[in-house]
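One-letter residues, chain by chain:
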Amino acid sequence: MTSIAHRMAALFRIKADKALDKAEDPREVLDYSYTQQQELLQKVRRGVADVATSRKRIDLQINQLRQSGGKLEGQAQQALAAGREDLAREALSRRTAVASQLTDLQTQQATLQAEEEKLTLASQRLQTKVDTFRISKETIKARYTAAEAQTRITEAVTGIGEEMGDVGMAMQRAEDKTEQLQARAGALDELLASGALEDATLPAGRDDIQAELERVTAGQDVDRELARMKAQLPASATPSALEGKSAEQGAPDQEGTS
């Protein structure tokens with residue numbers, strides 16, 4: 001059962017792949033791929049913008065800490081000049097903490113700067129690939145459209161396309177039905193002529209004997225009509241009169257010869 005199930009699943013996948021391949025339009029697939037690449041490019045660009053924004057924020061913080069450190073150093077000098085060593089020590093202590101924060105921010109700044117440069121380079125490379133893909137996509141689409149049009153024209157001319165194939169099959173079916181009807185009509189005519197099939201349009205009770213009697217009666221009617229016409233002809237025009245006249249014309253010739 002497992003083997004049969006595997007074979008059925010494989011057959012289903014084959015048929016599904018064929019159906020998908022037949023329904024798939026490469027132009028739509030190319031357009032979809034181009035759209036996906038554009039979306040990816042937009043994401044990379046947004047990433048570059050986010051990294052650049054974070055770097056700019058750190059730059060501002062670094063500038064603020066530098067200003068704060070300079071201010072604290074100035075306060076420490078003023079405190080020493082005023083004889084307030086304790087205030088000078090506090091100012092220098094705070095300046096040290098600011099310097100430590102400044103070092104951390106500078107490290108983050110360097111990291112973000114490197115990340116920004118990396119993403120910018122990746123964005124430029126991806127932009128180049130997208131532009132190249134767009135040109136290739138349009139070229140392939142144009143070639144596919146031209147090949148599709150040429151194929152349809154060739155199929156229409158040769159009659160091997162689906163539409164023309166349907167027309168050809170319809171014509172063949174019409175010819176077959178016509179031949180069948182002609183053969184049936186010929187067979188019915190032969191059966192009617194031979195008397196094996198009765199004519200349903202004739203009066204009821206008519207059979208072959210009656211038909212033969214009608215033919216004989218029709219022949220007798222013709223003979224009677226012919227005899228009547230012969231009787232109406234002049235005596236000189238009858239065949240016997242013509243034969244007698246020919247005999248009289250030939251008699252003197254025989255005497256003269258003798």
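See the structure above.
So, here is what we can say about the structure in this document. (Residues numbered from 1 in each chain as written. Predicted model: local features only at pLDDT ≥ 70, side-chain atom pairs only at ≥ 80, totals over all residues. Heavy atoms only, no water.)

**Examining the packing of helix H2 (residues 26-81) against helix H3 (residues 85-158)**
Working step 1: At a minimum axis separation of 6 Å, H2 and H3 run at an interaxial angle of 165°. Here H2 lies roughly antiparallel to H3, going by the angle between them. For the crossing formed where H2 meets H3, the hand is left-handed.
Working step 2: Taken together, the residues of the contact of H2 with H3 sort by class into 30 nonpolar, 18 polar and 17 charged. (Axes fitted to C-alpha atoms, helices over the stretch in contact; angles between N-to-C directions. Helix = DSSP H or I, 4+ residues; strand = E, 2+ residues; numbered from the N terminus. Parallel < 35°, antiparallel > 145°, perpendicular 65-115°, else oblique. Left-handed = near helix turned anticlockwise from the far one by under 90°. Nonpolar A, V, L, I, M, F, W, Y, C, P; charged D, E, K, R; others polar.)

**Brief notes about H2**
Working step 1: For H2, with 56 residues, the first-to-last C-alpha span of 82 Å sits near the 82 Å given by 1.5 Å per residue.
Working step 2: Backbone geometry just after H2 places glycine 83 at a positive phi near 80°. (Expected span 1.5 Å × (residues − 1).)

**Structural notes on the packing of aromatic side chains**
Working step 1: Enumeration over the complete set of coordinates arrives at one aromatic pair.
Working step 2: With a centroid separation of 6.5 Å and 15° between ring planes, the pair formed by tyrosine 34 and phenylalanine 133 is classed as stacked. Of the two residues, tyrosine 34 sits in helix H2 while phenylalanine 133 sits in helix H3, which places them 99 residues apart along the sequence.
Working step 3: Its relative accessible area of 14% is what places tyrosine 34 among the buried residues.
Working step 4: In this arrangement the basic side chain of lysine 137 is found over the ring face of tyrosine 34, its NZ or CZ atom lying 5.0 Å from the centre. (Phe/Tyr/Trp six-rings, centres within 6.5 Å; stacked < 30°, edge-to-face > 60°. Buried < 20%, exposed > 50% of the residue type's maximum accessible area, 1.4 Å probe, protein only. Lys NZ or Arg CZ within 6 Å of the ring centre and 35° of its normal.)

That's the geometry; what it means functionally is another story.
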